[in-house]
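Residues per chain, in single letters:
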Amino acid sequence: MKILCVGDVVGAAGCGHLRQVLPGVKRHYGVDVCIVNGENAAEGNGLLPPAAAHIFDSGADVITTGNHVFRRRELYETLEQEPLLLRPANFPPAAPGRGMCTVDRGRYQLTVINLMGLTYMEPLDDPFRSLDRLLGEAGNPRYCIVDFHAEATAEKKALAYYADGRISALYGTHTHVQTADEQVLPGGTGFITDVGMTGPLHSVLGVRPELAIAKMKDRLPVRFQNAEGPCTMNAVLFTLDDASGKTTAAERLDIR
């Protein structure tokens, strides 16, 4: 089984590039399930229902999110109604939506879990204990992928080792910078610290460089705008063993 995990889609440019390249990538690699992080797909940040619909129509089977998921109240109803649109599971239970779903393909069922880190992020429930709880609720599924939306690289790697052998793969999102450490951990769990982003190549995490520079240099409020121009789609392709659900290969992709 081949699972494609796509990095944070940024703005209209990222949405357009996703629509352009994702169908061909899925055909070329024989992708069975595609997971796309869409939490920055709206212009500025956050996610709006039309952008979510665009991502699904472009070929995503599941949309994951992160710390910007509740920025746009227009999304709240969609989070409640769409079972394959996730928000981090360690938000309080009263938050709209859900943090885990199952993609049913008949001969197999893939569990997808969305979690958020705590370091430099929101004070949410502990992702380690949250993962234990969710795996128990799901009946310790054979096939399970985790999108861990976190800032600190050490936190991402620690959770991956904590889950090693119990899930198929864990990949990091949020930093928008693709790391070069794709690997299979000793227990058979696939891992990459951060899958990267889908958006403008010449940008600072998707933002126009001059605006990011002004913010960092002058320390004054700046209204960020998404950059334009050539784009990239960062992703990781996990190949899972059908019998065990463990990862046999992890391949980093950069589609420009």
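Just above sits the structure.
Residues numbered from 1 in each chain as written. Predicted model: local features only at pLDDT ≥ 70, side-chain atom pairs only at ≥ 80, totals over all residues. Heavy atoms only, no water.

*Asks:* Explanation requested: the overall build of the protein in the structure shown.
*Replies:* Scanning the protein from N- to C-terminus turns up six helices and 13 strands. The C-alpha radius of gyration of the protein comes to 17 Å, within 12% of the 18 Å expected for a compact globule of 256 residues. For the protein, the C-alpha atoms occupy an extent of roughly 55 × 40 × 35 Å along the three principal directions. Burial statistics for the protein: of 256 residues in total, 54% are counted as buried. Contacts in the protein between residues at least 24 apart in sequence constitute 62% of all its contacts with a sequence separation of at least 6. Within the structure as shown, the protein displays about 10800 Å² of accessible surface, and the carbon and sulfur contribution to it stands at 51%. Side chains of the protein carry 25 positive and 30 negative charges; the gap between the two charge centres is 2 Å. (Helix = DSSP H or I, 4+ residues; strand = E, 2+ residues; numbered from the N terminus. Rg over C-alpha atoms; globule rule 2.2 N^0.38 Å. Buried < 20%, exposed > 50% of the residue type's maximum accessible area, 1.4 Å probe, protein only. Contact = heavy atoms within 4.5 Å. Areas by Shrake-Rupley, 256 points an atom, 1.4 Å probe, with all protein chains shown as cover. Lys, Arg positive; Asp, Glu negative; His and termini not counted. Charge placed at Lys NZ, Arg CZ, Asp CG, Glu CD.)

*Asks:* Sorry if this is basic, but what is going on with the packing of helix α1 (residues 11-29) against helix α2 (residues 49-58) here?
*Replies:* Following both chains from N to C, one finds α1 and α2 inclined at 15°, their axes separated by 9 Å at the closest point. The pairing of α1 with α2 is recorded here as roughly parallel in orientation. Note that α1 runs across α2; the crossing there is right-handed. Within the contact between the two elements, α1 uses Cys15, Gly16, Leu18, Arg19, Leu22 and Pro23 and α2 uses His54, Ile55, Asp57 and Ser58. Of the residues assigned to the contact of α1 with α2, the class counts are five nonpolar, three polar and two charged. (Axes fitted to C-alpha atoms, helices over the stretch in contact; angles between N-to-C directions. Parallel < 35°, antiparallel > 145°, perpendicular 65-115°, else oblique. Left-handed = near helix turned anticlockwise from the far one by under 90°. Nonpolar A, V, L, I, M, F, W, Y, C, P; charged D, E, K, R; others polar.)

*Asks:* Is there a simple way to think about α1 in this case?
*Replies:* For the α-helix, the turn length of 3.6 residues means that residues three or four positions removed from each other point alike. Between the first and last C-alpha of α1 there are 26 Å, a value that for 19 residues agrees with the 27 Å anticipated at 1.5 Å per step. Largest kink in α1: about 35°, centred on Val21, with the proline Pro23 one to four residues after it. In the segment just after α1, Gly30 is the residue with positive phi, at about 65°. (Expected span 1.5 Å × (residues − 1). Bend = angle between axes of the 7 residues up to and from the residue.)

*Asks:* Would you mind going over the side chain of Asp61 with me for this structure?
*Replies:* Tracing the backbone through its elements, the reader meets Asp61 in the loop between α2 and β4 (62-64). Relative accessible area serves as the criterion here: at 18%, Asp61 is assigned to the buried category. In this structure the side chain of Asp61 is engaged in a polar contact, spanning 2.8 Å, whose partner is the backbone nitrogen of Cys34. In contact with Asp61, not counting residues within four places along its chain, are Lys26, Asp32, Val33, Cys34, Phe56, Leu84 and Arg105. (Polar contact = N/O pair within 3.5 Å; in protein donor to acceptor, adjacent residues only side chain to side chain.)

*Asks:* Can you walk me through the side chain of Asn40 in this structure?
*Replies:* Following the sequence through the fold, Asn40 ends up in the loop between β3 (33-37) and α2. A polar contact is formed between the side chain of Asn40 and the side chain of His176, at a distance of 3.3 Å. Contacts of Asn40, omitting those with residues within four sequence positions, involve Asp8, Val9, Val10, Gly11, Asn45, Gly46, His68 and His176.

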